[in-house]
Amino acid sequence: MTIPRHIAIIMDGNGRWAKQRGLPRIRGHEEGAESLRAVLTACGEQGVEFLTVYAFSTENWKRPKTEVAALMRLLTHFLKKEIPDLMAKNVRLQAIGRLTDLPDFCRRELHNAIETTAQNTGVTLVLALSYSGRMEIIDGIQSLLREIKLGHIDAAMIDAEVFSKHLYTRYYPDPDLLIRTSGEMRISNFLLWQLSYTEMYVTTKLWPDFRKPDLLDAIRDYNQRQRRYGGL
Ligand code: FPP
């Protein structure tokens, strides 16, 4: 079986999972964190090199204050509590997005987790936090313009490869497989540039119900695809 080198996931449906059970939405997010743990472990076992998850979009700031605060607390708690496990699993943690938007207590834990796990050589787990694909592209253009102004690059030399080096994801290959849960057929402003040739897998399962067997189903489905990148 071909194992995708990089898997990206839109972890959707936590709220619906909780609603179906008459539970507060945050319980869905908590159970979603369990799914992330399980999927990360399975990625390590399968030899996936990069796992990028959409944990919080710039649009998510518009949710009620109580839910935003609960998500920030959950994320901070996850980062703190998970470090020994990330070390044991040899996982390197990274983050993309406008990280300066995050509350200080959360940013501190995030930087601590990133530094502590920096030398690990197993799966790289990339958390997309306060992330927007369009914003990333605009930030990339601004970074390019600064380089041009400084005379470091010539505008005529800009191509897809040069531009990719100005995105938050410059250190990672493009995703091979995008998984979206809860049946929605949308990209929702996630990795707009990087998903150009990515295979998509949409399942109606809600994210808190998505575990190792579901990841293996997605990888098997990916193996049925023929990737031609626009060629024959
Ligand atoms: C989408 O479900 C999910 C999110 C907005 C947050 C994702 C967060 C987690 C999985 C929590 C764990 C993550 C970390 C890094 C600890 P939704 O709330 O949009 O669900 P709905 O569409 O059913 O309302």
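Above: the structure in question.
Now for a description of the structure that goes with this document.

What counts, and at which threshold
- Residue positions are given per chain, counting from 1 as you read along its sequence in written order.
- At least 70 in pLDDT is required for a residue's local features to be given in this predicted model, at least 80 for side-chain atom pairs to be given and counted, and no such filter applies to totals for whole chains, interfaces and linings, which use all residues.
- Note that the side-chain values use all heavy atoms of the structure and ignore hydrogens as well as water.
- The secondary structure listing takes helices from DSSP runs of H or I that are at least 4 residues long and strands from runs of E that are at least 2 residues long, numbered from the N terminus.
- A helix is expected to span 1.5 Å multiplied by its residue count minus one.
- Only protein chains enter the accessibility calculation, which uses a 1.4 Å probe; a residue whose area is less than 20% of its type maximum is buried, one above 50% is exposed, and one in between is partly exposed.
- Residues count as neighbours in contact if any of their non-hydrogen atoms are within 4.5 Å of one another.
- Whether two strands pair comes down to DSSP finding at least two bridges between them.
- Pairing of aromatic rings covers Phe, Tyr and Trp, the last counted by its six-membered ring, and requires centre-to-centre distances within 6.5 Å; plane angles under 30 degrees mean stacked, over 60 mean edge-to-face, and any other angle means tilted.
- When we say a residue is near a molecule or strand, we mean one of its heavy atoms is within 4 Å of it.
- Here a polar contact means two N or O atoms within 3.5 Å. Within protein one must be a hydrogen donor candidate and the other an acceptor candidate, and residues neighboring in sequence count only if both atoms are side-chain atoms.
- Space inside and on the surface of the protein is sampled on a 1 Å grid over the protein atoms alone, with a cavity defined as a set of points where a 1.4 Å probe fits but cannot get out and a pocket as an open set with protein on both sides within 12 Å along at least 5 of 7 lines; lining residues have an atom within 4 Å of a point.
- Those molecules having more than half of their atoms within 2 Å of a cavity or pocket grid point set are described as sitting in that cavity or pocket.
- Ten residue types, Ala, Val, Leu, Ile, Met, Phe, Trp, Tyr, Cys and Pro, are classed as nonpolar, four, Asp, Glu, Lys and Arg, as charged, and the remainder, Gly among them, as polar.

This paragraph deals with helix H7 (residues 212–223). For H7, built from 12 residues, the straight-helix expectation of 16 Å at 1.5 Å per residue is met to within 8% by its first-to-last C-alpha distance of 17 Å. By the burial criterion, the buried members of H7 are Asp 214, Leu 215, Leu 216, Ala 218, Ile 219 and Tyr 222. Looking at the packing, one finds that the buried side of H7 touches strand S1 (6–10), helix H2 (25–46), strand S5 (177–180) and strand S6 (199–202).

Below, the discussion takes up the pairing of strand S2 (residues 50–57). Looking down a regular strand, the side chains alternate between one sheet face and the other. Summarising burial for S2: seven of the eight residues are buried, a large majority. The pairing of S2 with strand S4 (residues 124–131) spans seven bridges and is parallel. The residue bridging Thr 52 from the neighbouring strand is Val 126, located in S4.

A complete count under the given rule lists 10 aromatic pairs for this structure. Both rings, one in Phe 163 and one in Trp 193, keep their centres 4.8 Å apart while their planes meet at 70 degrees; by these two values the pair is edge-to-face. Remark: Trp 193 occurs in the loop between S5 and S6 and Phe 163 occurs in helix H6 (residues 160–164); sequence separation between them is 30 residues. Judged by centre distance (6.5 Å) and plane angle (70 degrees), the rings of Tyr 171 and Tyr 172 are edge-to-face. Taking the relative accessible area as the measure of exposure, Tyr 171 reaches 60% and is therefore exposed. These aromatic residues form a ring-pair network of at least three members: Tyr 54, Tyr 131, Tyr 168 and Phe 190.

To continue, consider the site of the ligand. Among the 19 residues in the neighbourhood of the ligand, the closest are listed as Met 11, Gly 15, Arg 16, Arg 25 and Arg 63. Note that an oxygen atom of the ligand is positioned 3.2 Å from one of the backbone N or O atoms of Asn 14. Within the contact set of the ligand, an oxygen atom lies 3.0 Å away from a backbone nitrogen or oxygen of Gly 15. Under a 2 Å grid-point criterion requiring more than half of the atoms, the pocket assigned to the ligand is the largest pocket. Looking at which element gives the most residues to the shell around the ligand, the answer is H2, with five residues. Per-class residue counts for the shell around the ligand are nine nonpolar, six polar and four charged.

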